[in-house]
Structure formats: structure tokens, C-alpha cells
Amino acid sequence: MAIITISRGSYSKGKEVAEKVAERLGYECVSRDVLLDASDRFHIPEVKLIRAIHDAPSVLERFQHGKQVFIAYIRSALTCRVAKDNLVYHGLAGHLLLKGVPHVLKVRIMADMTSRITAEMEREGISEQEARTLLQRDDEERRRWTRSLYGVDPWDSSLYDLVIHISKLTVSDAVDFISEAALKEQFQTTESHRRKMEDLALACQVKAALVDPFFDVGVTSDYGNVLIYAKSGDRHVNKIKKRAKELEKEIEGINNLEVHAGVPVPEDAL
Amino acid sequence: MEPLTTEMILVMIMIGVAIFLFIAEWVRVDVVAILMMVALPLLHLVTAKEAFVGFSSNAVISIIAVIIIGAGLDKTGLINRLVRPVLRIAGRSESRVVIAISLTVAVISSFMQNIGAAALFLPAIQRVSKMLKIPLSKLLMPIGFSAILGGTITLVGCSPLILLNDLLEPFHLKPFHLFDVTPIGLALVASGIACFILFGRFILPKGTMESEGEGITSGLRNALEQLGAPFELHTPSDFTHYREPVLVQDLKRRYLVNVVGIIEPPDFKLLSPTPEAEVRSDIDLLVYGREKDVQRMAEQEGMELKEELGVFKDDVSDTTSGTVEAVVAPRSTVAGKTLSQLNLQDRFRVTPLAIYRHGETYRAAIGDLVLNVGDAILIQGAWRRLKVLQEERSLLFTTPIDVELMRPEKALWAGLWLAVALSMIMIFKIQLSVSLMTGALGMIITRVLSIDEAYRAVDWRTIFLLAGLIPLGIATEKTGAAAWIAHTVLNAIGTVQPIVLLTVIGILSTIFTLVISNVGATVLLVPLVVNMAIAAHADPRMAALVVGLATSNSFMLPTHQVNALYMGPGRYRSVDFMKAGLVISVVFIVVMIGMIYLLYGI
């Protein structure tokens, strides 16, 4: 009855932890599947999405407003999965993509460099030097990625509820901690949490549907009442209104949809 | 017999001109009446005094008084209360409404002046029209005609019949009893109503509701319909248990439902609560919203949606509250602010429901929208509160609200003064105009309505139309034109079967009553036809009765007081009266002669 996001670097055993936690709690474990969802739904090659997530934002910038567009797509796919509850998500930025959901247990798994290098050397069959360079570059890119999109450093421990360093603590220790924490009352899904998640999923869907080409709209949803915040400018707004009318029919769960222009976008808007 | 004089010819020309202008409608009918009022003294057909004697006539003063009394009764909601049972019986069907009200008016009119009955019912009919969305023009004419026909049910129903026995006295004929005419009168009323039910579609003008909506455009009506309707809900006794408090603004945000009334425990009724007001357990609340949204709210919040309004029933009735459209005026201090900043709920106790801007209705999060000049805000509230907001002048109201300011607390006074006026007429036999004016004055003194409202209630079109036609009647009689016509016609037909004679008398009376007053026509014709009938070996009493009845057969021109009264509100044209009036007049004569034949066997 909870949602757990596990943020990790490569070769940090995060995936292993995530899978075991999911197994222990009987939850679904989600990672790349989300990308598949997104690529299916929005007809983008998965490869492109993976690169969008993994590589530095420079890749995204090749597309117009690619950054916002891809994030909206992934977010939409992820929130739809999350709305079903009981889920472990591992991968980058899950905690950031699920901003606004109150009962997410945010975990960061780290491992020390030596063991990561060893793991990579084993897997890829490369030299220590190469492995080290690759890992460092990888870490750096992810750092830049999160920085550029969310303005935060993934290594900032204040972003997480739990930061576990896999070294003296083993993977199974981590699974114990996480499983125990996930059962705490504050992470349980209440009726209002469920409602919030549904609204978030709805808002994400609307945002994803609008983001290309209206990348700068803000979307909120409250009990199915969707508000789209647009910058003023008649032609622009009219186009958004037209598209919004169609969306009202296309997307399920919308109770009312309005486009408000020239109004300050609230902070919690997507 | 007098020879035809120039004056007589002039009078006949003037009648012709009046009728032509009624039909041609180059000017409005009341202007035609004023034209007569001016032209007749100029042609020396009447004296200046006689030209304007209509304004001081008993009939015109009575109409003014009765209109004021009617307005007073309407303002206190008394008419509403009387209309309700009638509507309950009649349901929503147009025909049944027409039958129910027509019968009621006919019965009342059989004991009092038919103009009185017609004037008293006018506000009621206007209300019914608004409530059932039936065009006023579909209701007024059948009901007005019934009021005229109802005058023939008893011998005191209309002035010609009241006079009849006095006119028979010189001839030593047996007087009629009070109910002698009742069978004929009932048959006339029934046939009149039947005509409208059967042929109303063809003979009544096709009125539309739009033209009668008081300043409400169809667009606004649409917008109001989109916003939904009032609903009443009840919260369960465990509503607030184990949950965060539910505020009025939460309901608005979640379900787009506006809470416009809430009970503060134990039983304090709060209208237009502030957004921060809390919804408590086991209370009633009044909301405004689309049915779908309200149902969703009831379901998800575990409230009970009531079948119909209960606790708040009186607070949403049209008479006490409503929804208006207010526009942000240029240079208004409101522009640039948000509704949350204005805080209308707290300051004025009214609830903004939606904002209309650039062809779009905004219902969600309207509190945060920055108001621009030209934005229209739909505001719900009690008329009293809205009035206060209107007087602040920061918002321009597109819907007039002063028309609906009701004073239900004065209902007792209004009823009392009506009773006083009626008992003065019926018991103390004081003149109609004096009695009714006493009632009207009483209402003004006891503040049922202000003197300005009383003046506004009077429809001056009616007054001038009636007063202006009176000198025409005077001229017709004074110059001897009427007598000349009557003599000529009756001499021309010679000796015929009694039934033909009576029919001719009926037609003649009908034509006379259209131009000269019904009393004038009766006084003129009765002595004439009695002599004629004796000469033709017909029953002279029947001949007199035909005159007495047929002078109520005044439907083809808006010259009868009742027709004149209903012409304005019903937006009728002279042509409308001719079309429907011709049918009814023909039926009238046929039924009248038929009934006399059946009852008295002439």
C-alpha cells in the first residue's frame, strides 16, 4: 500500500534492491517498462526516450523544447502506473517525476566506487581505467541531467527519505530497511492520497497531450477539474482552447476543463 | 325620424377614420384615441369638457385603482399564493391553464365589473406565463374574453344587464330575475373558451417568450441554465468524523458546486457563506450547480441529495433571490482585482457563480482570475443583497432587479385593503371608483407599495385608449347618429320572422358596442327594439335581452375596457383582435340566439 522510488547510479545494486523489495512486499517493480509505455503511447522510438533520460540534456535540446516534451511523456506514463498503487520504481528521477504525491518513500542507493568499478569491469570486460572513466562520466551526466531539468543535485541527500550506502550494509539489509519503512503509516495510501495520485495522473496526461507544441502551459487537476494555465495572447490561447475541447472527450476522468489565460500559474502546476 | 345632418356624417367619418387607423396601425391605438379626443372638439362635435370627460369617468378611475390594487397584491406574493392551487389543478398544459383561469375569471366577473376581474388577474396571469413559459399573448386574450363573457352569467355581471330592468319599466314588461340569463351566459362562456381551445392555434398570435423576458437575453438564460439549478443536500451525522474539515471552497474546487446556503448548528441559516465556512455534520446545505456535479458530490462526500428543496425552499424562490449578471464597468475599482480579493460573500452576502469572458464561461478557480473591464460575473443572492451591491456601482447589472423586490410581510395589509374595497362595493353599495381608490390608497398608506410604484404600475396606454374613445361615443349619441343608424337599419328590414329580427338586433348591438359604450348602446337600443318587436309580434322582452347581452359582444376592436387593458401587456395588434374577435363574435350571436330559441321558444 505504498509507492517506493529508488534512485541509483549505475552498478550501485539499486536494481537488485528494488526487485527484492518488490518481491518481499508483493509490489510491482517498474523501471524501463515506463519508457515502453511512453514510447507506445506517444509513438516515439524507445531508444530516443532512453537517451533522453540517460544522456545529458544536450540530446534533448536538439528537439524544440524536447526537454519538457519528453519529461511530460515519461511523467504521464509513470503517473498512470503509479495511480494503480503498490509499486517500486527504480531509475532516475522517480522522486522528482512524482513531485506532489505525498506518500512516496524516496530512497537513494549508493555503492562505493571500488565495487561499482569491479562490477562494471566484470560485466563489460573492460579495464579498470576504462570502467572508472565510464562511471565517472555516467555519474556526471546524470548529475547534469537532473540539474538542468529540476535544478537539484541527485547526490543531495535531503531529497530522500532514506539514503543507503551498500558496502557494510548489504543488499538484504537495505531491503529490510526499505520494506519496514514502506509499512509505516505515513507511507500508506489514504483516500485523499489516492485522489491526489489520480489527479496527478490526469494532469500529466493532459500536459503530455498538450506539451507538443504548447510546451509552456501549466496544468492542474483537482478532483477531475482540470485547469490549463496559458500565457495570454489570443491566438495562442484559442488554439489551446480548441485542443482542450478535444481532450475533454479523449481523456477519461475529466470532469471539467477550463483554460485560464494570463493568470499566475500556481506552484503545484505541472 | 330625424333627417341626416352634417354632424352625423362627420361623426360617421370619424368612426370610419378611427377604425381605419386601428387596422392600418399607422399610429398606435392609444394615439388614435388621443387623436379622437382632439379632433372631435375641433370639429365641434363635442364640447371641450366632453372631450376629456373620459379621464374623470368612473370606469377609467376604477381601472387605475384596480391596477394599483393588483400591483399591491402581486408585490406581496398574495397573487402567487392564489395562483398556486389553480396551477396545481391545471398542471403544465396550456389548454388546462387557459380553461382553469378563464373559468375562474368568468365566475368572478359574473358578480363584479368584468374590468375589475380582468385587472386583478393580470399580474397573476403574467406570473403564470413566466412560470410555465407560456407566451403571455396565448393566455391574455382567452382570459380577457372570458372576463367579458362572464359578465353575461348574472344580471349584475355587466352594466347593460344591470340597466335592463330599469329600461323595461316604462313599457310595463316583466323584469328579469338575477339568474334568468345564467344558462345563456354559461353557454356563451363555454363556447368562448371552447373556441380558443379548439382554434386557439389559428386565431391567436404566435407569441414568443423572448420578447417578454424582462431584460434577460436568451444568451444569459442559456448561461444560467448551464450553471445548473439549486439543490438541497443533507450531511450525515458522522460527516466530520475522522476526516479533514470540508470547507465551502473545497466543494467548489472539487465539484464546481457553489454552496449558497448552509445551516450553522443548531439551526442558524446562513446564506452565501464565505469560502472558509465549514460544512458540519447533520446539517442542510443549499447548493447551485449542474445536476451531474451535485450528484457526484453527494456520492463522493456521502451526502444525501434531497428530492426537492425543503429548508431553503423560500430562499430560492424567484421572489426573494435570483442570479444576475454584473459587468465590470470601465474605470471600475473592481478591474484588476480578483474575486477572492473582493470577497463578495463576506461583504455583500452574495455568491459569484461564474465569470463570462470572451465567449467562455469560467466556473473553476474563479476566485483567482484577475477581473478585466467587460468581464461578466454571474452572481447569486437575495435580491435585497444584490441591490446593495448594485448601489455600490462598481459592477453594472445587466439584469434589472428592482422589479422583483417583494414585500411578503405586507400580504396581510394587501388582503385587508382588497377586502375593504370589495365590501364597500358589495355591501355598502358605494360607487366602484371610490371603493377601489380607497383600497388603492390604503395600500399606499400601509406601505404595501410606494406611491411611485403605484404610478409605475398604471399602464397609461390603457388609460388614454379608454378615455379617448369615450368622446367618440358621446358624439355618436349627441349628434343623433346612433339613433339614425338604428332607425334606418330596423326600418330597412321591415317585417320579418322574430328570429331574424333578434339576429339583426344582435348584430346591430354588437356593432354599436364596438364604437359607443355598452351602456350608451343599451340605453339607445332597448326602447327602439322593444317598439320594433311589439310591431313585429315578437317578444319585446327577448329583444331587450338580446341588446343587453349583445352589448357584451365586444371583441373585434380593442375598444372594450378589458381588451384595452390586455392589449399592452399581451403585445396584441388590432388585427389580432379582429381575427380572434370575429370568430368569437359570430359564435356569440349564434349561441345567444340559439339559447334564447331553446329556452324561450321564440
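In case you missed it, the structure is sitting above this.
One structure accompanies this document, and this report is about it. All figures in this text were calculated on a predicted structure; none of them were measured in a lab. (Residues numbered from 1 in each chain as written. Chains lettered and ligands numbered in written order. Predicted model: local features only at pLDDT ≥ 70, side-chain atom pairs only at ≥ 80, totals over all residues.)

Observations regarding the overall build of chain A
Stage number 1. The helix and strand tally for chain A stands at ten helices and eight strands.
Stage number 2. For chain A, buried positions account for 42% of its 270 residues.
Stage number 3. In chain A, 69% of the contacts between residues at least 6 apart in sequence involve partners at least 24 apart. (Helix = DSSP H or I, 4+ residues; strand = E, 2+ residues; numbered from the N terminus. Buried ≥ 20, exposed ≤ 12 C-beta atoms within 10 Å, placed from the backbone. Contact = placed C-beta atoms within 7 Å.)

Describing unusual backbone geometry
All names here are of chain B.
Stage number 1. Phi at R349 is positive, roughly 60°, even though this residue is not glycine.
Stage number 2. Along the chain, the position of R349 falls in the loop between α15 (344-348) and β9 (351-357).
Stage number 3. A tally of 19 C-beta atoms within 10 Å means that R349 is categorised as partly exposed.

What to know about the interface of chain B and chain A
Interfaces are often sized by the accessible area lost when the parts come together.
Stage number 1. On the chain A side, the residues contacting the eleven residues of chain B number eight residues.
Stage number 2. Top contributing element to the side of chain B that touches chain A by residue count: helix α12 (residues 248-255) of chain B, with three residues.
Stage number 3. Looking at side-chain class alone, the side of chain B that touches chain A contains seven nonpolar, no polar and four charged residues. (Nonpolar A, V, L, I, M, F, W, Y, C, P; charged D, E, K, R; others polar.)

A closer look at the packing of helix α5 (residues 78-90) of chain B against helix α6 (residues 94-109) of chain B
All names here are of chain B.
Stage number 1. Between α5 and α6, whose axes approach to 9 Å, the crossing angle comes to 135°. What the angle tells us is that α5 and α6 run oblique. Helix-helix and strand crossings are classified by hand; for α5 and α6 the assignment is right-handed. Contacts between α5 and α6 involve V86, I89 and A90 from the former and R96, V97, A100, I101 and T104 from the latter.
Stage number 2. A per-class count over the contact of α5 with α6 returns six nonpolar, one polar and one charged. (Axes fitted to C-alpha atoms, helices over the stretch in contact; angles between N-to-C directions. Parallel < 35°, antiparallel > 145°, perpendicular 65-115°, else oblique. Left-handed = near helix turned anticlockwise from the far one by under 90°.)

Quick word on the sheet that holds strand β1 (residues 3-8) of chain A
All names here are of chain A.
Stage number 1. Read from one edge of the open sheet, five strands run β2-β3-β1-β4-β5, paired in parallel fashion. With one partner strand each, in any of the chains shown, β2 (28-30) and β5 (162-166) form the two edges of the open sheet. Geometrically, the sheet is characterised by an average inter-axis angle of 20° between neighbouring strands, direction not taken into account.
Stage number 2. Bridge analysis of β2 against strand β3 (residues 87-90) gives three bridges, and the strand direction is parallel. Note that in β3 the partner of E28 across the bridge is L87. (Pairing = 2+ DSSP bridges.)

Digging into the environment of R254(B)
Stage number 1. Residue placement: R254(B) occurs in helix α12.
Stage number 2. Residues R254(B) and D293(B), 39 residues apart in the sequence, show an inter-C-alpha distance of 9.4 Å.
Stage number 3. Beyond its immediate stretch of four places on either side in the chain, R254(B) contacts D222(A) and Y223(A).

Brief notes about the sheet that holds strand β8 (residues 321-328) of chain B
Residues and elements named next belong to chain B.
Stage number 1. Here we have five strands laid out as an open sheet, ordered β10-β9-β11-β8-β12, and antiparallel in their pairing. Unpaired on one side and paired on the other, β10 (360-362) and β12 (395-397) mark the two borders of the sheet. If you compare each strand with its neighbour and ignore which way they point, the axes differ by 35° on average.
Stage number 2. In the sheet, β9 pairs with β10 via three bridges, with the strands oriented antiparallel. Looking at the pairing, Y356 lines up with T361 of β10.
Stage number 3. Sheet strands in contact with helix α16 (residues 383-392) are β8, β11 (376-382) and β12, and its direction is about 135° off that of β11.

Some thoughts on the nonpolar core
Stage number 1. Core analysis: the largest hydrophobic core is formed by 137 residues, its most contacted members being A118(B), V529(B) and A543(B).
Stage number 2. With residues up to four places along the chain from it excluded, the contact list for A118(B) reads V105(B), G144(B), A147(B), V562(B), L565(B) and Y566(B).
Stage number 3. Grouped together as the second largest cluster of nonpolar side chains are 115 residues, V101(A), I178(A), L257(A) and I262(B) included. (Core = buried A, V, L, I, M, F, W, Y, C linked by C-beta atoms within 7 Å.)

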